[in-house]
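Report on the structure
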2 protein chains.
Amino acid sequence: MSLRFTEEYPEINGAFSFEVTRVLYTARSPFQKIEIVETTHLGKVLLLDDLVMFTEKDEFVYHEMISHVPLFVHPEPKRILVVGGGDGGTVRECLRHDTVERIDLVEIDEMVSQACIQYVPSLAGKLLSDKVNCRFLDAVEYVRKTSETYDVILIDSTDPVSVGEGLFTREFYRNCFNCLTDHGVLVAQSESPAWAPELVQSISRKLRAVFPNVHFYQAHIPTYPSGHWAFAFASKTLHPLKDYQEERYRNAGLSFKYYNSDLHFGAFALPTFFRELVDAV
Amino acid sequence: MSLRFTEEYPEINGAFSFEVTRVLYTARSPFQKIEIVETTHLGKVLLLDDLVMFTEKDEFVYHEMISHVPLFVHPEPKRILVVGGGDGGTVRECLRHDTVERIDLVEIDEMVSQACIQYVPSLAGKLLSDKVNCRFLDAVEYVRKTSETYDVILIDSTDPVSVGEGLFTREFYRNCFNCLTDHGVLVAQSESPAWAPELVQSISRKLRAVFPNVHFYQAHIPTYPSGHWAFAFASKTLHPLKDYQEERYRNAGLSFKYYNSDLHFGAFALPTFFRELVDAV
């Protein structure tokens, strides 16, 4: 028997599928269906409600790009809020920065983190770090009520359906803005400009209603729909290129599989159709 | 009944599929199986031996990027050789440059061009232009024997299997080099750095054995395997960024859906793993 996982791509009446060698974990949490499977070529894969959240093969792209772009723009990122991100990949990348003193992870579904800690420690292992404070709560509520402030907020959410929906509203962005320090930066995963242009445009519109500076950047993530993925960079004062901390990047001596100094700039050079989508709002 | 096309992605034991509303054309040429189908969301799609060659939805990315990057680096591209490219998309983009006086298209399979002219005139219509000279020949033979010279050669080939195989050899690149004028530039579609790294590396190695300057760039093409696509820029003297013809770009007054001046630079900013792949040869 050969097992196969298929993700539907309704945006194009299409689908993406791959062979599964073993189902490592399967459960229904109060929020969603959670599965971790092993594959022949993509490593372990986390599926939430039948959508690929990460594959070990290309998770480095997403996690490096959501983290290092803002962390090499903020002059001294000490306190980070990760919204969602229960798999731990974003936390793992943030902890590579010496400046980081504490990361609050606000994830609604504790079972995702527990499963990833057990089955994919390469991603989730760092959730157990002393610098990381996991709060298994609804982030919508959390940012409305907290008195904590953050230098950087990373919205590492699922798609804007069911459990992730509240993380794509103007009110949520406003509350994030209010939790940011004076030179605070927010980065949000922002879906596919190629196959979900209206969604990317709506994220742009809502962020621009709240933040004075909004810029989009992109990355190649083969196992996400279309492989063309957008991130929004929104800030109170900082510019993603003019305020780039070149020297801190060089001195950090870190090596990345996707991110580098040239790529930081290149990622903000958008194709015309994408630029028109996010600027014309 | 619902029709569905499936492209196998053997690189990852995976597949990509989409709904087909109508089969417009199907034939077996002496070289390959040719099909043109209509879809709900991707427009018309050309399939050669069950691989997607273009979809109307995203062909603009590939055709703009293979053409305008070299044509805005060469100071005065007059004579162009397109190798393969029987669907006409690359010719269509090249003809937008006023400097271009003549394009020789050397395509092995006349039936591909005939089918595209009939069923997808938005791509192939320009094959009938007075400036275009279609030669339905094996390009491997052609570049070995011709006494013509070209300012720009664009290798718009299928994958390096069966009919396309000879277009990925050192000997072929050497013969192309010999057909180029003093400041000639060659660009070759170069497969996926994410899912076919050995192939991209081998293209790099072979081109570097022939050309003094070789640089890679990339684009997002959702309906190609992994969506992360490489192009090689190889030249006798010109540098893809230092020799960029900014002024000609501005004066041309052309509008593109993917390509623009910033993106020209951004496309050469490679992810670390891709850079290491093509530089370490």
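Re the domain arrangement of chain A
Residues and elements named next belong to chain A.
- When cut into domains, chain A gives domain 1 (3–55) and domain 2 (59–279).
- Centre-to-centre separation of domain 1 and domain 2, based on C-alpha positions: 23 Å.
- Residue-level contacts link 25 residues of domain 1 with 19 residues of domain 2.
- Note on domain 1 versus domain 2: buried area summed over both sides is about 2,000 Å², and carbon and sulfur give 71% of it.
- Where domain 1 touches domain 2, the interface holds zero salt bridges.
- Where domain 1 meets domain 2, there are five residue pairs in polar contact (both at pLDDT 80 or more).
- Counting residues per element, the ones that place at least two in the side of domain 1 that touches domain 2 are strand E1 (3–9), strand E2 (14–28), strand E3 (33–39), strand E4 (44–48) and strand E5 (51–55).
- Grouping the constituent residues of the side of domain 1 that touches domain 2 by class yields 17 nonpolar, three polar and five charged.

Details of the relation of the copies chain B and chain A
- Mapping chain B onto chain A leaves a residual RMSD of 0.0 Å; the transformation is a rotation of 180° accompanied by 0.0 Å of translation along its axis. Those values place the two copies in the arrangement expected of a two-fold rotation axis. By C-alpha distance to the rotation axis, the residue of chain B lying nearest is B:Gly266, at 1.9 Å.
- Looking at the interface residues of chain B, 100% of them are also at the interface in chain A, so both copies use one shared face.

Considerations on the side chain of A:His74
All names here are of chain A.
- Structurally, histidine 74 is set in the loop between helix H1 (59–71) and strand E6 (79–84).
- Only 3.0 Å separates the side chain of histidine 74 from the backbone nitrogen of glutamate 76, close enough to count as a polar contact.
- Apart from residues lying up to four places away in sequence, histidine 74 is in contact with Asp151, Val152, Thr181, His183, Leu238, Gln245 and Arg248.

Notes on the sheet that holds strand E6 (residues 79–84) of chain B
All names here are of chain B.
- The strand order across the open sheet built from seven strands is E8-E7-E6-E9-E10-E12-E11, with neighbouring strands paired in mixed fashion. Each end of this open sheet is capped by a strand with a single partner; those strands are strand E8 (132–135) and strand E11 (213–220). Averaged over all neighbouring strand pairs, the angle between strand axes comes to 15°, with direction disregarded.
- Pairing analysis gives five bridges linking strand E9 (residues 150–156) to strand E10 (residues 180–189), with the strands arranged parallel. Across the sheet, the residue bridging to leucine 154 is valine 187, located in E10.
- Sitting on the sheet, helix H1 (residues 59–71) touches E6, E9, E10, E11 and strand E12 (228–235), and the angle it makes with E9 is about 155°.

Topic: the pairing of strand E5 (residues 51–55) of chain B
All names here are of chain B.
- Extensive coverage of E5 is indicated by the burial of four of its five residues.
- The sheet contact formed by strand E4 (residues 44–48) and E5 spans four bridges and is antiparallel. Along E5, the bridge assignment pairs leucine 48 with leucine 51.
- Where E4 folds back on E5, the antiparallel hairpin that results is connected by two residues, among which aspartate 49 adopts a positive phi of roughly 50°.

Comments concerning helix H3 (residues 110–119) of chain A
Residue and element names in this part refer to chain A.
- By the burial criterion, the buried members of H3 are Val112, Ser113, Ala115 and Cys116. In a view along the axis of H3, the buried residues occupy a sector of 165°, so they form one face of it.
- In the core, the buried residues of H3 are packed alongside E2, E3, E4, E5, strand E7 (102–106) and helix H4 (121–124).

So, the sheet that holds E6(A)
Residue and element names in this part refer to chain A.
- With mixed pairing, the seven strands of this open sheet are ordered in space as E8-E7-E6-E9-E10-E12-E11. Lying at the two open borders of the sheet, with one neighbouring strand each, are strand E8 (132–135) and strand E11 (213–220). Strand-to-strand twist in this sheet, taken as the mean axis angle between neighbours without regard to direction, amounts to 15°.
- Summarising the sheet, E6 and E7 pair through five bridges and their orientation is parallel.

Scoring rules and cut-offs
Residues numbered from 1 in each chain as written. Chains lettered and ligands numbered in written order. Predicted model: local features only at pLDDT ≥ 70, side-chain atom pairs only at ≥ 80, totals over all residues. Heavy atoms only, no water. Domains from an automatic or database assignment. Contact = heavy atoms within 4.5 Å. Buried area = accessible area lost by both parts, 1.4 Å probe. Salt bridge = Lys/Arg side-chain N within 4 Å of Asp/Glu carboxyl O. Polar contact = N/O pair within 3.5 Å; in protein donor to acceptor, adjacent residues only side chain to side chain. Helix = DSSP H or I, 4+ residues; strand = E, 2+ residues; numbered from the N terminus. Nonpolar A, V, L, I, M, F, W, Y, C, P; charged D, E, K, R; others polar. Least-squares fit on C-alpha atoms with pLDDT ≥ 70 in both. Pairing = 2+ DSSP bridges. Axes fitted to C-alpha atoms, helices over the stretch in contact; angles between N-to-C directions. Buried < 20%, exposed > 50% of the residue type's maximum accessible area, 1.4 Å probe, protein only. Arc of directions from axis to C-beta.

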